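Geometric and topological summary
If you want the building blocks of each chain, they are given just below.
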Amino acid sequence: MAELPILDVRGVGKTYALNGQKIEALRDANLTVRKGEFVCLIGASGCGKSTLLRIVAGFEPPSAGQALMWDKPVDGPAPDRGMVFQDYGLFPWLTVRQNIGFGPQSRGLPKQEVRDTAERFVNMVGLTRFADAYPHQLSGGMKQRVAIARVLANDADMVLMDEPFGALDAMTRERLQDELLDIWQRTKLTVLFVTHSIEEAIFLADRVVVMEPGPGRIASEHRIELPRPRDVASPEFNEVRRELSARLHSHHARKAA
């Protein structure tokens, strides 16, 4: 018997009402993600990437179809799905350690367990020296590390990431990509990651899901067979990038024709 997928999106659609008109943001999305997989969603603005992610997170209901987590319908946010945004979403009045420990504390865990959990993830994301600093004292890259650690400390089965490195400079972005992969490999986490960058998707993902707009839909899926760690300058990497770029642009060309 095949292992149950951690996430199963079945025929999901989303329609919004705007000024008396219906706007179809997402149509008939079907996607399965298995435990431990790293899946990237890519596509142009307006193709439904973030809408799909928000439905999986439980922030908004689908207009059609359903999203299942461990074969149970997603009916709202829950600790088993942690969300990491581009703008960090940290509590400015809490220190790094307190931000990371917020989830375990909210779940009513014993104080010592909260402290031990926070300490473990502070160390995992390399912020031991900054454990008592506040968000305004941190760089963008540090803030994003705290946001990732906070999700992990909340015992999430799956991390949903909406362009988490999009606002960072190139060097910080590359460093955090490496660190995220290291954490993913050590924790066997499941990741669904939205990005505009083809290179980022190929570098990170086991599988890349291409979405197209008008209305938003899943156009194709591509398994990335390159061995890890991946070298973005290698001929093999660039061949995959050319192939994926051509397919992405061909989807848009068909829509424009």
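Residues numbered from 1 in each chain as written. Predicted model: local features only at pLDDT ≥ 70, side-chain atom pairs only at ≥ 80, totals over all residues. Heavy atoms only, no water.

Stated formally: UniProt positions are given in the numbering used here, feature names are shortened, and annotations may be inferred rather than shown by experiment.
Under an unreviewed UniProt entry, the name given to the protein is ABC transporter ATP-binding protein, and the organism recorded is Neoroseomonas marina. Per its UniProt entry, the protein bears the Sequence similarities (unreviewed entry) comment "Belongs to the ABC transporter superfamily."

**With respect to the packing of helix H2 (residues 96–106) against helix H3 (residues 111–124)**
Note the cut-off: Interaxial angle, 0 to 180 degrees, is taken between N-to-C directions of lines fitted to C-alpha atoms, where a helix line uses only the stretch in contact. Only DSSP runs of H or I with at least four residues qualify as helices, and only runs of E with at least two residues qualify as strands; both kinds are numbered from the N terminus onward. The cut-offs work like this: below 35 degrees is roughly parallel, past 145 is roughly antiparallel, 65 to 115 is roughly perpendicular, and the gaps in between are oblique. Two helices crossing with the near one rotated counterclockwise from the far one by less than a right angle form a left-handed crossing, whereas a clockwise rotation gives a right-handed crossing. Only heavy atoms matter for contacts: two residues are in contact if any of them lie within 4.5 Å across the pair.
Viewed as axis vectors pointing N to C, H2 and H3 meet at an angle of 130°, and their least axial separation amounts to 8 Å. Between H2 and H3, the crossing angle belongs to the class labelled oblique. The way H2 lies across H3 gives a crossing that is right-handed. Of the residues in H3, those in contact with Val96, Arg97, Ile100, Gly101, Pro104 and Gln105 of H2 are Val114, Thr117, Ala118, Glu119, Phe121 and Val122.

**Thoughts on the pattern of salt bridges**
Counted only if it meets this: One side-chain nitrogen of Lys or Arg within 4 Å of one carboxyl oxygen of Asp or Glu is enough to make a salt bridge. Buried, partly exposed and exposed residues are distinguished by accessible area as a fraction of the type maximum, computed with a 1.4 Å probe on protein chains only: under 20%, between the cut-offs, and over 50%, respectively.
A full pass over the atoms with the stated rule returns 18 salt bridges. Across the pair Glu37 and Arg207 runs a salt bridge whose closest N-O atoms are separated by 2.7 Å. Of the two residues, Glu37 sits in the loop between strand E2 (21–33) and strand E3 (38–42) while Arg207 sits in strand E9 (residues 207–212), which places them 170 residues apart along the sequence. The buried category is assigned to Glu37, whose relative accessible area is 9%.

**A look at the sheet that holds E2**
The criterion, for reference: Strand pairing follows a simple DSSP-based rule, namely that at least 2 bridges must link the two strands.
Strand order in the open sheet made by the 4 strands is E2-E1-E4-E5, with antiparallel pairing throughout. This sheet does not close on itself; its edge strands, each paired only once, are E2 and strand E5 (72–73). When strand E4 (residues 64–69) meets E5, the two strands line up antiparallel, connected through 2 bridges. Note on E5: the bridge partner recorded for Leu68 is Pro73. Relative to the sheet, helix H1 (residues 49–57) contacts strand E1 (7–18), E2 and E4, its axis offset from that of E1 by approximately 115°.

**Examining empty space enclosed by the protein**
Using the following cut-off: A cavity here means a set of points on a 1 Å grid, drawn over the protein atoms and nothing else, where a 1.4 Å probe fits but cannot get out; a pocket is an open set with protein on both sides within 12 Å along at least five of seven lines, and a residue lines either one if it has an atom within 4 Å of a point. Grid points are joined across faces, edges and corners, and a volume is the space filled by probe spheres set on the points.
In this structure the tally under the stated criterion is 1 cavity of 30 Å³ or more. The space that makes up the largest cavity amounts to roughly 30 Å³. Surrounding the largest cavity, Val125, Arg145, Ile148, Leu176, Glu179, Leu180 and Ile183 form its lining. Taken together, the elements giving at least two residues each to the lining of the largest cavity come down to helix H4 (140–153) and helix H5 (170–187). Top element by residues in the lining of the largest cavity is H5. It accounts for 4 residues.

**Some details on the packing of aromatic side chains**
Inclusion rule: Note on aromatic pairs: the rings of Phe, Tyr and Trp (six-membered ring only in Trp) are paired at centre separations within 6.5 Å, and the planes decide the class, stacked below 30 degrees, edge-to-face beyond 60, tilted for the rest. The rule for a charge over a ring is simple: NZ of Lys or CZ of Arg within 6 Å of the ring centre, and within 35 degrees of the ring normal.
Evaluation of the coordinates by the stated rule reveals 6 aromatic pairs. Taken together through their ring pairs, the aromatic side chains of Phe38, Phe165, Trp184 and Phe193 make up a single cluster. Over the ring of Phe91 we find Arg150, and its NZ or CZ is 5.4 Å from the ring centre.

**A few points about the pairing of E2**
Examined bridge by bridge, E1 and E2 share 9 bridges and lie antiparallel to one another. Within E2, the position partnered with Thr15 by the bridge is Glu24. The hairpin formed by E1 and E2 contains 2 residues between the paired strands, and Asn19 there has a positive phi angle of roughly 50°.

**Considering the layout of surface pockets**
Where empty space is left becomes clear once a probe the size of a water molecule has been rolled over the atoms. Spelled out, the test is: Classification used: nonpolar for Ala, Val, Leu, Ile, Met, Phe, Trp, Tyr, Cys and Pro, charged for Asp, Glu, Lys and Arg, polar for all others including Gly.
Of the volumes computed, that of the largest pocket is approximately 370 Å³. Lining the largest pocket are 19 residues, and of these Arg81, Gly82, Met83, Val151 and Asn154 sit closest to its centre. If you list the elements that add at least two residues to the lining of the largest pocket, you get strand E6 (81–84), H2 and H4. For the lining of the largest pocket, a count of residues per class yields 12 nonpolar, 4 polar and 3 charged. Lining the second largest pocket are Leu94, Arg97, Gln98, Gly101, Phe102, Gln105, Leu109, Lys111, Val114, Arg115 and Ala118.

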